[in-house]
Amino acid sequence: MKGRSLAELLAGFLVLVVAGGFLAYAMLHGGRTPQTGGTELAAEFDRVDGLASGADVRIAGVRVGSITGLRINPETFRAEVTFRVGSEIRLPTDSSAEITSEGLLGGKYLSIVPGGSERLLADGGRITETQGSVSLESLLGRFIFSVTQMNSGGQNGGTNAQ
C-alpha cells in the first residue's frame, strides 16, 4: 500500500511539473510580448472595452506592434492608448485607429489604417482619427429593443401613440 501511495504521489508531482512547463511556455511564447524599440504613438478613444496592455497593433491584419499603456486623460475623460510600432513602419499624419475584435468571442486589438499624407508621424506623435470599441452587449440590447418596438408597433396599427 505504501509503495502504491508513493507511486501515485510521484505521478501527481510529474503531472504538476509538466503542467507548469506548459504554462511557462504559453506565457513566454503567447504572442503578447510588448514591442520594444520602434516608434511610440498615442491615440484617444471614447471606449476601449476589452483592449489590454500587450495587445496587438495591426495594419491590414498583420501585427506591426503592441499596446504599451492605457490610461484615462483627466481633462477629457477619454481613454488614452499608447502603443509602439516597428521602426520600419512610417505612418502618415492622417492615419486612423480603430479598436477591433478578432472574432465574436476573440480578443481586441488596435487596427491602424494608414492615410495618404506625405507628412509622417514622429516618435511621440498622436493619431487623432479614432473609433472606439463596440460593445456586443449594447448592440444586442439595441437589436432586442428595436425588435420589440417593431412588434408593439404592429399591434396598434403601426402608429406609436404617445
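The sections below set out a description of the structure shown in this document. (Residues numbered from 1 in each chain as written. Predicted model: local features only at pLDDT ≥ 70, side-chain atom pairs only at ≥ 80, totals over all residues. Heavy atoms only, no water.)

**Describing the overall build of the chain**
Here comes step 1: A tally of helices and strands in the chain yields two helices and eight strands.
Here comes step 2: Each helix and strand of the chain, placed in order from N terminus to C terminus, yields the pattern α-β-β-β-β-β-β-β-β-α.
Here comes step 3: Expressed as a percentage of its 162 residues, the buried residues of the chain come to 28%.
Here comes step 4: Pairs at least 24 residues apart make up 63% of the contacts formed inside the chain by residues separated by at least 6 positions.
Here comes step 5: In the structure as shown, the chain presents an accessible area of about 11000 Å², 60% of it carried by carbon and sulfur atoms. (Helix = DSSP H or I, 4+ residues; strand = E, 2+ residues; numbered from the N terminus. Buried < 20%, exposed > 50% of the residue type's maximum accessible area, 1.4 Å probe, protein only. Contact = heavy atoms within 4.5 Å. Areas by Shrake-Rupley, 256 points an atom, 1.4 Å probe, with all protein chains shown as cover.)

**Re the sheet that holds strand β4 (residues 79-85)**
Here comes step 1: The strand order across the open sheet built from eight strands is β7-β1-β4-β3-β2-β6-β5-β8, with neighbouring strands paired in mixed fashion. Because the sheet does not close on itself, it has two edges, and the strands there are β7 (125-127) and β8 (129-131). Geometrically, the sheet is characterised by an average inter-axis angle of 30° between neighbouring strands, direction not taken into account.
Here comes step 2: With four bridges connecting them, strand β2 (residues 56-59) and strand β3 (residues 62-72) associate as antiparallel partners. Directly across from arginine 58, in β3, lies its bridge partner arginine 63. (Pairing = 2+ DSSP bridges. Axes fitted to C-alpha atoms, helices over the stretch in contact; angles between N-to-C directions.)

**Looking at a nonpolar patch on the surface**
Here comes step 1: A cluster of nonpolar side chains, namely Leu104, Leu105, Leu136, Leu140, Phe143 and Ile144, defines an oily patch on the protein surface of about 700 Å² accessible area.
Here comes step 2: Among the secondary structure elements, leucine 140 is positioned in helix α2 (residues 136-155). (Patch = residues over 30% accessible without salt bridge, like charges linked within 9 Å, V, L, I, M, F, W, Y side chains within 5 Å. Salt bridge = Lys/Arg side-chain N within 4 Å of Asp/Glu carboxyl O.)

**Notes on the pattern of salt bridges**
Here comes step 1: Tallied over the full model, the rule gives seven salt bridges.
Here comes step 2: For glutamate 80, the salt bridge goes to arginine 71, with nearest N and O atoms at 3.5 Å.

**Observations concerning the packing of aromatic side chains**
Here comes step 1: All told, the structure shown has zero aromatic pairs when counted by the stated rule.
Here comes step 2: A cation over an aromatic ring shows up here: arginine 58 above the ring of tyrosine 109, its NZ or CZ 4.1 Å from the ring centre. (Phe/Tyr/Trp six-rings, centres within 6.5 Å; stacked < 30°, edge-to-face > 60°. Lys NZ or Arg CZ within 6 Å of the ring centre and 35° of its normal.)

**Re the environment of serine 87**
Here comes step 1: Counting through the fold element by element, serine 87 comes out in the loop between β4 and β5 (96-101).
Here comes step 2: The class of serine 87 is exposed, set by a relative accessible area of 53%.
Here comes step 3: It is 9.6 Å that separates the C-alpha atoms of serine 87 and aspartate 123, two residues lying 36 residues apart in sequence.

**As for the nonpolar core**
Here comes step 1: In this structure, Phe45, Val57, Ile67, Phe83, Leu110 and Ile112 are the most contacted members of the largest nonpolar core, which totals 22 residues.
Here comes step 2: The set of elements that each furnish at least two residues to this core consists of β1 (39-45), β2, β3, β4, β5 and β6 (108-113).
Here comes step 3: Not counting residues within four places of it along the chain, the set of residues in contact with valine 57 comprises Val62, Arg63, Val64, Gly65, Ser66, Ile67, Phe83, Val85, Leu110 and Ile112. (Core = buried A, V, L, I, M, F, W, Y, C linked by side-chain atoms within 4.5 Å.)

**Observations concerning the pairing of β2**
In summary, the side chains of a regular strand alternate between the two faces of the sheet.
Here comes step 1: Residue alternation in β2 divides its side chains into two sets, Asp56 and Arg58 and Val57 and Ile59, and both sets are buried.
Here comes step 2: The hairpin formed by β2 and β3 contains two residues between the paired strands, and alanine 60 there has a positive phi angle of roughly 55°.

**A closer look at the side chain of serine 133**
Here comes step 1: Mapped onto the secondary structure, serine 133 falls in the loop between β8 and α2.
Here comes step 2: At 3.0 Å, the side chain of serine 133 and the backbone nitrogen of aspartate 49 are in polar contact.
Here comes step 3: Among residues more than four places away in sequence, those in contact with serine 133 are Arg47, Val48, Asp49, Ile99 and Lys108. (Polar contact = N/O pair within 3.5 Å; in protein donor to acceptor, adjacent residues only side chain to side chain.)

**A few points about the pairing of β1**
Here comes step 1: Judged by how many residues are buried, β1 sits mostly within the fold: six of seven residues are covered.
Here comes step 2: One ladder, built from seven bridges, connects β1 with β4; its direction is antiparallel. Among the inter-strand pairings, glutamate 44 is bridged to a residue of β4, identified as glutamate 80.

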